[in-house]
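Per-entry structural report
Here's the letter readout for the chains.
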Amino acid sequence: MTTTALITGANKGIGYETARALAARGMTVLVGARDAGRGAAAVEKLRAEGADARLIRLDVTDAVSIAAAAAHIDETCGVLDVLVNNAGIAGSFGAPSATDPAMMREVFETNVFGAVAVTNAMLPLLRRAKAARIVNVSSEVGSITLMMDPDGPMWPAAAVPYPASKTALTMLTAMYAKELWETPIKVNAANPGYCATDFNADSGFRTAEQGAEVSVHLATLPADGPTGQLWGYRWGAADSVEYGVLPW
């Protein structure tokens, strides 16, 4: 039986590598992309590697686009087994006192409100699956505990929009997990770590492939796997355990 996964923002970076890795596991991957041309190019590359990849034109900030995507998936697949809310933007950087409220709204529109809109639209399809998985790609910079550790790698971070949006996304994860607690659906937040992508001008020390491993792990959890966790790369951890649960 075919397993279908939708990955938003999947035409490049961690999203693309997530689609690639899930396809390698035999899933049909729906490449969510705001730009149809870039999305089509990504699908072509995946298909050249043998993937069952299909383009889904999807702008997570556009209600009409989201509804059309859900209707298309309903018509062509009838069910959705995995949703990876990967689409995100960084916004501006700088001191909190220099934060532009308009920029912060723009970041939240994609990173938070977009994830809510897509998840709600896809939930009827996810409920039809035997045991669906929802993965919200969050970040360690959204962890208040890690951000407030003077000896940790997050201490120098100062910008407000992106970290605050990821804190909100992690809370969304917890709340959806609570709503779906008595169902087979598991909802978790992924921390890919600081990966080198266009998102940060390739300044990260992890690869996009490594970042995607976190989402893939959470997208393929067994029946006894966790729900409502922030899980992934543990940058600056005192022990040698590379992956695990991160604090809120």
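Before reading on, note that the structure itself is shown above.
Since we're looking at a predicted model, the values are computed, not measured. (Residues numbered from 1 in each chain as written. Predicted model: local features only at pLDDT ≥ 70, side-chain atom pairs only at ≥ 80, totals over all residues. Heavy atoms only, no water.)

As a further point, take the overall build of the chain. Assigned secondary structure in the chain consists of seven helices and eight strands. For a compact globule of 248 residues, the expected C-alpha radius of gyration is about 18 Å, and the chain comes in at 17 Å, within 12% of that figure. Judged by the C-alpha coordinates and their principal axes, the chain covers about 50 × 40 × 35 Å. Within the chain, buried positions represent 49% of all 248 residues. For the chain, the proportion of contacts with a sequence separation of at least 24, taken over those separated by at least 6, is 68%. Total accessible area on the chain is roughly 11,500 Å²; 56% of this is exposed by carbon and sulfur atoms. Of the side chains in the chain, 19 bear a positive and 25 a negative charge, and the two mean positions are spaced by 5 Å. (Helix = DSSP H or I, 4+ residues; strand = E, 2+ residues; numbered from the N terminus. Rg over C-alpha atoms; globule rule 2.2 N^0.38 Å. Buried < 20%, exposed > 50% of the residue type's maximum accessible area, 1.4 Å probe, protein only. Contact = heavy atoms within 4.5 Å. Areas by Shrake-Rupley, 256 points an atom, 1.4 Å probe, with all protein chains shown as cover. Lys, Arg positive; Asp, Glu negative; His and termini not counted. Charge placed at Lys NZ, Arg CZ, Asp CG, Glu CD.)

What follows deals with the side chain of threonine 173. The residue threonine 173 is located in helix H6 (residues 161-179) in this model. Exposure remark for threonine 173: the relative accessible area of 0% places this residue in the buried category. A distance of 3.0 Å separates a polar atom in the side chain of threonine 173 from the backbone oxygen of leucine 169. (Polar contact = N/O pair within 3.5 Å; in protein donor to acceptor, adjacent residues only side chain to side chain.)

The next point concerns the pattern of salt bridges. Taken as a whole and judged by the stated rule, the model has five salt bridges. Arginine 20 is the salt-bridge partner of glutamate 49, the closest N and O atoms lying 2.9 Å from each other. A residue pair is termed long-range when its members are at least 10 positions apart, and glutamate 49 in the loop between helix H2 (36-48) and strand S3 (53-57) and arginine 20 in helix H1 (residues 13-24) qualify at 29 residues. Ionic pairing is found between aspartate 74 and arginine 128, a salt bridge with its closest N-O pair at 2.8 Å. One end of the pair, aspartate 74, is in helix H3 (residues 63-76); the other, arginine 128, is in helix H4 (residues 101-128), and 54 residues separate them in sequence. Shared partners join several salt bridges into a network, and the residues in it are Glu17, Arg20 and Glu49. (Salt bridge = Lys/Arg side-chain N within 4 Å of Asp/Glu carboxyl O.)

Let us now look at the environment of leucine 6. Along the chain, leucine 6 falls in strand S1 (residues 4-7). Overall, leucine 6 belongs to the buried group, its relative accessible area being 0%. Filtering out sequence-adjacent residues up to four positions away, leucine 6 remains in contact with Leu30, Gly32, Ile56, Leu58, Ile73, Leu80, Val82, Leu83, Val84 and Met122.

All right, on to the pairing of strand S4 (residues 82-85) then. Burial along S4 is two-sided: the face carrying Val82 and Val84 and the face carrying Leu83 and Asn85 are both buried. Strand direction decides the pairing type here: S1 and S4, joined by three bridges, are parallel. By the bridge assignment for S4, isoleucine 7 is matched with valine 84. Pairing geometry for S4 and strand S5 (residues 133-137), over four bridges, is parallel. Counted as the bridge partner of asparagine 85 is asparagine 136 from S5. (Pairing = 2+ DSSP bridges.)

All right, on to the nonpolar core then. Judged by nonpolar contacts, the single largest core of 31 residues is most densely connected at Leu6, Leu80, Leu83, Met122, Leu126, Ile134 and Ile185. At the level of elements, H3, H4 and H6 are the ones that each hand at least two residues to this core. Per element, the largest residue contribution to this core is eight residues, and it comes from H4. Those residues within four positions of isoleucine 185 in sequence are excluded, and the remaining contacts are Leu123, Leu126, Arg127, Ala132, Arg133, Ile134, Leu180 and Thr227. Within the second largest apolar cluster, 26 residues are counted, among which are Val29, Leu46, Val137 and Val216. (Core = buried A, V, L, I, M, F, W, Y, C linked by side-chain atoms within 4.5 Å.)

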